[in-house]
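# Report on the structure
In case you want the letters, here they are:
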Amino acid sequence: MTLTRSVDTKNVIMGRVGFGADLLRELTALCEGNNITLGWIQAIGAVQKANVGFYDQETREYSYKNLDMPMEILNLTGNVSLKDGKPFVHAHITLADEEGRSFGGHLAEGTIVFACEFILHHFSGAVYTRVFDKDTDLYLWDL
Ligand code: ZN
């Protein structure tokens, strides 16, 4: 079953995340600082190193992989919604090393920016709240 709601674009913010910042923390702080509780994020750039997660559907736990090398951000796609009453950024990232080999996963803290340009689409008109989902053991949108 697919569940949807209609949302409106309130505004679009373009910017860059500074050298040395933790990418996930910075995007979360940006949403908190601008009271953005619903949105869509895209970004490209480069990282000094990355930390990405993989959700094991059997054990229902994330495992994290530290990729301790400079890489390009080929793509970051994510969304913003509410979890525990605060803006929550859920993003996935695709990276490439100097040979063009790709790595990726669920963006986790510990991904350190070299340079990053992002576009944040700020939506309004609906509230998306993450609640525990028993089918997946994840916090998914309560639609
Ligand atoms: Zn994820």
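Everything below is about the structure shown above.
Just so you know, these numbers come straight off a predicted model, no measurement behind them.

Moving on to the coordination of the zinc ion. Around the zinc ion, the protein contributes the donor atoms His90 (NE2), His92 (NE2) and His106 (ND1), at 2.1 Å from the metal centre. Sequence spacing among the residues donating to the zinc ion works out to H-x1-H-x13-H. Of this pair, His92 sits in strand β5 (residues 86-96) while His106 sits in strand β6 (residues 102-107), and the two are 14 residues apart along the sequence. Assessed through its relative accessible area of 44%, His92 is described here as partly exposed.

Relative to the assigned elements, Lys10 resides in strand β1 (residues 8-17). Sequence-wise, Lys10 and Tyr55 are 45 residues apart; in three dimensions their C-alpha atoms are separated by 32 Å. Setting aside chain neighbours within four positions, we find Lys10 in contact with His122, Phe123 and Ser124.

With that settled, the discussion passes to the packing of aromatic side chains. The tally for this structure, following the rule as stated, stands at 5 aromatic pairs. Taken together, the ring pairs in this structure connect Tyr55, Tyr62 and Tyr64 into an aromatic cluster. When the ring centre of Tyr128 is taken as origin, the NZ or CZ atom of Arg5, which lies over that ring, is 5.6 Å away. The ring of Tyr139 is capped by Lys83, whose NZ or CZ atom sits 4.6 Å from the centre of that ring.

To continue, consider the side chain of His106. Under the relative-accessibility criterion, His106 is labelled buried at 15%. When sequence neighbours within four positions are dropped, the list of residues in contact with His106 reads Asn51, Val52, Gly53, Tyr62, His90, Ala91 and His92.

To continue, consider the pattern of salt bridges. Evaluation of the coordinates by the stated rule reveals 3 salt bridges. Among the salt bridges present, the one from Arg25 reaches Glu109, with a minimum N-O distance of 3.2 Å. A residue pair is termed long-range when its members are at least 10 positions apart, and Arg25 in helix α1 (residues 23-33) and Glu109 in the loop between β6 and β7 (112-124) qualify at 84 residues. By relative accessible area, Arg25 is classed as exposed at 51%. The exposure class of Glu109 is partly exposed, given its relative accessible area of 43%.

Parameters at a glance
Residues numbered from 1 in each chain as written. Predicted model: local features only at pLDDT ≥ 70, side-chain atom pairs only at ≥ 80, totals over all residues. Heavy atoms only, no water. Donors = N, O, S within 2.8 Å, 3.2 Å for Na, K, Ca; no water. Helix = DSSP H or I, 4+ residues; strand = E, 2+ residues; numbered from the N terminus. Buried < 20%, exposed > 50% of the residue type's maximum accessible area, 1.4 Å probe, protein only. Contact = heavy atoms within 4.5 Å. Phe/Tyr/Trp six-rings, centres within 6.5 Å; stacked < 30°, edge-to-face > 60°. Lys NZ or Arg CZ within 6 Å of the ring centre and 35° of its normal. Salt bridge = Lys/Arg side-chain N within 4 Å of Asp/Glu carboxyl O.

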